[in-house]
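Residues per chain are reported as follows:
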Amino acid sequence: MSHLKKLPMIMVAFLFLSSVCAYPQDHGDAFVSGSISDARTLMPLLASDSASADACGMIFNGLVKFDKDLNLTGDLAQSWEIKDDGLAIVFHLKKDVRWHDGAPFTADDVAFTYSKLIDPDLRTPYSGDFERVRSFEILDEHTVKITYKEPFAPGLASWGMAIIPKHLLAKKDLNLSELSRNPVGTGPYKLKKWSSQEEIELSVNRAYFEKKPFISRYIYRIIPDESTIFLEMQIQGVDSSALTPLQYKRQTDTSFFKTHYHKFNLPGMGYTYLGYNLANPKFKDKRIRQALNYAVNKDELIKMVLLGYGKVADGPFAPQSWAHTSEVKPASFNREIAKELLKQCGWKDTNNDGWLDKEGQIFEFTILTNQGNEERVKTAEIIQKRLKDIGIRVKIKVVEWNVFLTEFIGKRNFETVLLGWSLPREPDNYDIWHSSKTKEGEFNFIGYKNEEVDRLLTEARKTFDQEKRKHCYNKIQELLYEDQPYMFLYVPDSLSAVNKRFRGIQPAPAGIGYNFIDWWVPKPEQKYRMLEN
Amino acid sequence: MLTYIFRRLLAMIPLVLGISLMSFAIIHLAPGRPSNVDQSLNPKISLETRMRLEKLYGLDKPIHLQYLNWLKMMARFEFGKSFSDNRPVSEKIMERIPITLTINIISMIFILIIAIPIGIKSALNPGSLFDKSMAIAVFIGFCLPGFWIALLLMNLFCIQLGWLPLSGIKSLDFEYLSFWQKAIDLSRHLVLPIFVSSIAGLAGISRYMRSSMIEALSQPFICTARAKGLPESTVVYKHALRNAILPIVTILGLSIPGLLGGSVIFESVFAIPGLGRLFYEAVMSRDYPLIMAEVVLTAGLTMLGNLIADISYAYADPRIRFRKQ
Amino acid sequence: MKNKTLAAGLLIIAILSMMAIFAPLISPTDPSLMDQNNLLAPPSYTHLLGTDSMGRDLASRMIYGARISLSIGVIAMGIATIIGLILGSAAGFYGGVIDTLIMRFTDIMLCFPTFFLILTVAATLESSIFNIMAIIGLTGWMGQARLIRGEILSLKEREFIQASRAIGCSDFRIIFRHLIPNAIGPVLVNATLGIAGAILLESGLSFLGLGVQPPTPSWGNILIESKSTLGVAWWITIFPGLAILITILGFNFISEGLKKRYA
């Protein structure tokens, strides 16, 4: 061949090589995370515990998901339209998506998933939102139309529910455990190995429709004790872990930690509260609840329990949610106002014994909380002290979780309860605040009834217009803070640490895990090298 | 002899039944119901499923019917399915047996290898420096709270020195290791748990061995043996030891049920997927089928252990053996 | 006193008991007082043994913890011993059907997975100190019962018992005034060991989060924090653990000493 003809080939080769070498992100390595409990099932419709839900999140996709700014965006759906005055949602599904076994993903799979969600024989806790659907139509291979009985805005987010493959599961009983242990999804990772109680190993899905993730493996190590997980971090046995406030502040201040780990302090998506049993005459008067709110110093709680890593809660919404408004100001810490309000309701210290009394009875009540949560117990203790300062006697009762749920919450057998909500990203909280949700097993276990809140909750669900919804939720926040059915305490920050070798982490309102498929480790720093790509 | 064993085995059955009945009553009367919900409530995960679950598991039927159903299952040697993940109970127990058994057996061997010689040597030289220092060491070992020593050792060997891995039973890249590397990896993971769980046993058995040996050595027949002119080692090892070993055998027999028991505390601290932890979690989540299976297992094994201890004692002691006939 | 072990044991336990009884007087501060500026602080002049993660003085918590541990140990074993004495002496004294029944029951209880029972009770019923004492006591009497039965069986035929029968003493009187006081040796030895065991059991339960609940201090529940502060706050791990160790040593010394005395 003459030199002239070789030149273009050399140039092409050079361009090709340079593009490959200039491509900065390396494939390989594994991400090891510690989990306190083993997953129970990898059948997403049955996953009610966080370990199962986390793993399913890597293996499956829903039609929609939340992006880094907590806005809904398409996952398996390319786009969607709201039709028929808000009664129907039409999803246009992505083409060229394949299941882990190579079969194509189609509208049939979505229809199948829906049919299972409303199947009374399947033990799924997620059926609630899907029972509001009137009809499900497959318009074509990649389009589905879901018509609701009434316009239902939260329905859109509910389609973040994982979609399961019809061609593999159609004739099977999903309650069976074998299927739970051999999941096939569309997600960025597939199940490689599940050693019960030891680890769950996920390997990369090279054909993932978004892009092939860089990290070759996602491994959950099951370490049943949080303190041991933390210790494992100190010897780099796990690559990331949530941190308690104390760990974040003190125990990660060592040079070892600073060299090997990044710490992240992100706003939290849940809040802790003291719920009043509104059927109890002691708490019926709004002024009493407001008085108690003034008597407890939330800043002190955050400083003592969370070591400063948190915000005062000002209502039932997470601060970074679009439904939240900063117009509602939390009450100040003011013992005088508290005492005055209590006096108005007839509570005074008539016999100078240090306790408020009325008609011969001392003002006392019990705070009930669950075992195994140090934060809540500490919070209860501090509240106890503050209320003692204004003459209210508080007893603390700590009960084991199962008993707590069934004997105390289920049977409304409590005076006040110290609990937390872990909030979903869709702000609709009808199930917690609507006066109809007070049956046993439902979430309005304090018995709250406010007609205007009821009306606003229903209205906010009926429209897809985010501005209108926000308007309703802002009003709800105002009313709830005024009414004080809960003493809204604090929103703990989400504290975590991740090994520094992982690049590509970008903190955003959604946290840091949302772009895991973009994380990568430079080849020289890769720790688990025996893994093939 | 055989009829004796047979009779004992028969007698075990009503005992196990009685224990299962009591346990069944206790766990069903205890407050709280099976639940799989996490501690931070998420309003999207409804609690109503619990009601559906109750029907599915037959928990809405009266207690005696539930017990009878369970008995019927047991008669077919079926243990039912675990409430938490619907897997057969027997499968869940079987997958944890190897690790618990391994740790316990190695621990027992370790104890015997170390404690018996210590006991014998102390008995041969009572009051010596060895005896006194062993006595002190053993005494302290006996009184050490196991979980505390586990924490201290973990801190020293895993964190400060970094010689041993912290938790779990194998490394992440286990499957890629050669056979020898695998063996070493397992050993490194199990060293601390085995050591910590052996401490109390070491102390107990060496003390027992010592006192038992001293008593055996003070028997008249030892005097006779020495008078016969037998070498000292024969006197000690053939005659005295044989008699002294009997209580140890009894203890071994009684420890057999313990072989399938794990300590919850060690297993959570060291993250070992063993039977102790399985049981603990079953109790916490009211996983009735699993709890009942473990109760029956433990009770059965305990009785088996007693039986073996009695038999071996009878066998080893010719007086009892011959008297039976 | 020639019996040095017994003396050492009694000394240790006496000191601990004094600590427990006079806790309010000796304790530097209120054990639930939270010093906001000194969270997880090492031992210093103001906090002799350091503070825990809530800023509570460890020394005070240890002193009050002695109260809890000792009282649980003693009362739990007391309950166990009383039950054991009653059942064991009835079995040994009356023999026959009563003996068989009681011994069968004891066998059942021995084969019963008592730890599961303790777990269930500790987890599901209110974790009050009384419940813990009761459950440890109710599951730990079997050893005492067997011991006492054995002793009574051998003492029963002795002359002084035959004499008291001859002069017409009631069964009750024979058992309680004559048999038990003479049989008490091994029972006491076992009881002191049992107290140590009960204290260890309570610490273990509290460590698991099932026993004594905060803010009530117990050596076991102080140790819960040691798990997460291992490399960072040695005082949280060392002091409560040492306290448990010394207490158990003390009771074991007493037990050894008593063995020598009654041997």
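About the thresholds
- Residues numbered from 1 in each chain as written.
- Chains lettered and ligands numbered in written order.
- Predicted model: local features only at pLDDT ≥ 70, side-chain atom pairs only at ≥ 80, totals over all residues.
- Helix = DSSP H or I, 4+ residues; strand = E, 2+ residues; numbered from the N terminus.
- Buried ≥ 20, exposed ≤ 12 C-beta atoms within 10 Å, placed from the backbone.
- Contact = placed C-beta atoms within 7 Å.
- Nonpolar A, V, L, I, M, F, W, Y, C, P; charged D, E, K, R; others polar.
- Core = buried A, V, L, I, M, F, W, Y, C linked by C-beta atoms within 7 Å.
- Axes fitted to C-alpha atoms, helices over the stretch in contact; angles between N-to-C directions.
- Parallel < 35°, antiparallel > 145°, perpendicular 65-115°, else oblique.
- Left-handed = near helix turned anticlockwise from the far one by under 90°.
- Pairing = 2+ DSSP bridges.
- pLDDT = per-residue confidence, 0-100.

(A) Layout of the overall build of chain B. A count of helices and strands for chain B gives 13 helices and zero strands. Each helix and strand of chain B, placed in order from N terminus to C terminus, yields the pattern α-α-α-α-α-α-α-α-α-α-α-α-α. Buried residues in chain B amount to 39% of all 325 residues. Summarising the internal contacts of chain B: among those between residues at least 6 apart in sequence, 72% fall at separations of at least 24.

(B) Representation of the overall build of chain C within the structure. Counting its regular elements, chain C contains 11 helices and zero strands. Mapped from its N terminus to its C terminus, chain C presents α and β elements in the order α-α-α-α-α-α-α-α-α-α-α. Oriented by its inertia axes, the alpha-carbon framework of chain C measures out at about 75 × 45 × 30 Å. Relative to its full complement of 263 residues, chain C shows a buried share of 54%. Nonlocal contacts in chain C, meaning residues at least 24 apart in sequence, comprise 70% of its contacts between residues at least 6 apart.

(C) Seen up close, the interface of chain A and chain C. Across the contact, 19 residues belong to chain A and 18 residues belong to chain C. In the side of chain A that touches chain C, the residues fall into seven nonpolar, seven polar and five charged.

(D) Structural detail: the interface of chain A and chain B. Each side of the interface is counted separately: chain A has 50 residues, and chain B has 44 residues. Elements with a contribution of two residues or more to the side of chain A that touches chain B: α7 (177-180), β10 (215-222), α8 (226-234), α15 (401-409), β19 (416-422) and α16 (430-433) of chain A. It is α15 of chain A that provides the largest number of residues to the side of chain A that touches chain B, a total of six residues. Of the residues in the side of chain A that touches chain B, the class split is 18 nonpolar, 22 polar and 10 charged.

(E) Geometry of the nonpolar core. With 290 residues, the main nonpolar core has Tyr273 and Leu489 of chain A, Val283 of chain B together with Leu119 and Ala122 of chain C as its most contacted residues. Looking at which element gives the most residues to this core, the answer is helix α3 (residues 58-94) of chain C, with 18 residues. Setting aside its immediate chain neighbours within four residues, Leu489 of chain A contacts Tyr271, Thr272, Tyr273, Leu274, Lys298, Leu301, Ala313 and Thr379 of chain A.

(F) Expanded view of the environment of Asp287 of chain B. Residues and elements named next belong to chain B. The residue Asp287 is located in the loop between α11 (275-284) and α12 (288-316) in this model. Among the residues examined, Asp287 registers 25 C-beta atoms within 10 Å and is labelled buried. In the structure, Asp287 is positioned 205 residues away from Ser82 in sequence and 6.3 Å away in space, judged by C-alpha atoms. Setting aside chain neighbours within four positions, we find Asp287 in contact with Pro34, Ser82, Phe83, Ser84 and Ala282.

(G) View of the packing of helix α10 (residues 219-228) of chain C against helix α11 (residues 234-262) of chain C. Residue and element names in this part refer to chain C. Where α10 contacts α11, the axes come no closer than 8 Å and their chain directions differ by 150 degrees. One element, α10, and the other, α11, form an angle in the roughly antiparallel class. Judged by the twist between their axes, the crossing of α10 over α11 is left-handed. Taken together, the residues of α11 that come into contact with α10 (itself represented by Trp219, Ile222, Leu223, Glu225 and Ser226) are Ile236, Thr237, Pro240, Gly241, Ala243 and Ile244.

(H) Geometry of the sheet that holds strand β18 (residues 393-399) of chain A. All names here are of chain A. Across the sheet, which stays open at both edges, the six strands sit in the order β14-β20-β13-β19-β17-β18 with mixed pairing between neighbours. Since the sheet does not close on itself, it has two edges, and those belong to β14 (310-312) and β18, each with one partner. Direction aside, neighbouring strands of the sheet carry axes that sit 25 degrees apart on average. Packing of helix α12 (residues 298-305) onto the sheet brings it into contact with β14 and β20 (486-492), and relative to β20 it is tilted by some 40 degrees.

(I) Looking closely at the packing of α3 of chain C against helix α4 (residues 96-111) of chain C. All names here are of chain C. For the pair α3 and α4, the least separation of the axes is 7 Å and the interaxial angle reads 145 degrees. The way α3 lies across α4 gives a crossing that is left-handed. Of the residues in α4, those in contact with Leu87, Ala90, Ala91 and Tyr94 of α3 are Gly96, Ile98, Asp99, Ile102 and Met103. Taken together, the residues of the contact of α3 with α4 sort by class into seven nonpolar, one polar and one charged.

(J) How the structure looks around the sheet that holds strand β4 (residues 77-83) of chain A. All names here are of chain A. Pairing in this open sheet of four strands is antiparallel, and the strands run β4-β5-β7-β6 from one edge to the other. Looking at which strands have only one partner, the edges of the open sheet turn out to be β4 and β6 (133-140). Across the sheet, the axes of successive neighbouring strands diverge by a mean angle of 20 degrees, strand direction being ignored. In terms of strand pairing, β6 meets strand β7 (residues 143-148) through six bridges, oriented antiparallel. Residue pairing across strands places Ile138 opposite Val144, the latter belonging to β7. Contacting β5 (88-93), β6 and β7, helix α3 (residues 107-117) runs over the sheet at an angle of about 165 degrees to β6.

(K) Region of the structure containing the environment of Asp57 of chain C. Residue and element names in this part refer to chain C. Looking at the secondary structure, you find Asp57 in the loop between α2 (23-26) and α3. Separated by 14 residues in sequence, Asp57 and Pro43 have C-alpha atoms that sit 9.6 Å apart. Asp57 has contacts with Pro28, Thr29, Pro31, Leu33, His47 and Thr51, leaving out every residue within four places of it along the chain.

(L) Fine view of the environment of Ser240 of chain A. Residue and element names in this part refer to chain A. Among the secondary structure elements, Ser240 is positioned in strand β11 (residues 240-242). C-beta crowding within 10 Å serves as the criterion here: with 22 such atoms nearby, Ser240 is assigned to the buried category. Between the C-alpha atom of Ser240 and that of Ile200, which follows or precedes it by 40 residues, the distance is 16 Å.

(M) Representation of the confidence of the model for chain C. All names here are of chain C. Per-residue confidence for chain C gives a mean pLDDT of 84; residues scoring 70 or more make up 98%. Taken element by element, the predicted model of chain C shows its lowest mean pLDDT in helix α5 (residues 114-124) (77) and its highest in α3 (89). What the predictor reports for the complex is a pTM of 0.81 with an ipTM of 0.82.

(N) Spotlight on the pairing of β19 of chain A. All names here are of chain A. Buried residues dominate β19, accounting for six of its seven residues. As paired strands, strand β13 (residues 270-276) and β19 are joined by seven bridges and run antiparallel to one another. From the neighbouring strand, Gly270 faces β19, where its bridge partner is Ser422. Both strand β17 (residues 364-370) and β19 contribute to a ladder of two bridges, which runs parallel. Paired with Leu368 across the strands is Val417, a residue of β19.

(O) How the structure looks around unusual backbone geometry. All names here are of chain A. Positive phi is not limited to glycine here, since Gln236 has a value of about 60 degrees. Located in the positive-phi region is Glu359, a residue other than glycine, with phi close to 50 degrees. On the secondary structure map, Glu359 appears in the loop between β15 (357-358) and β16 (361-362). By the C-beta count within 10 Å, which is 7 here, Glu359 ends up exposed.

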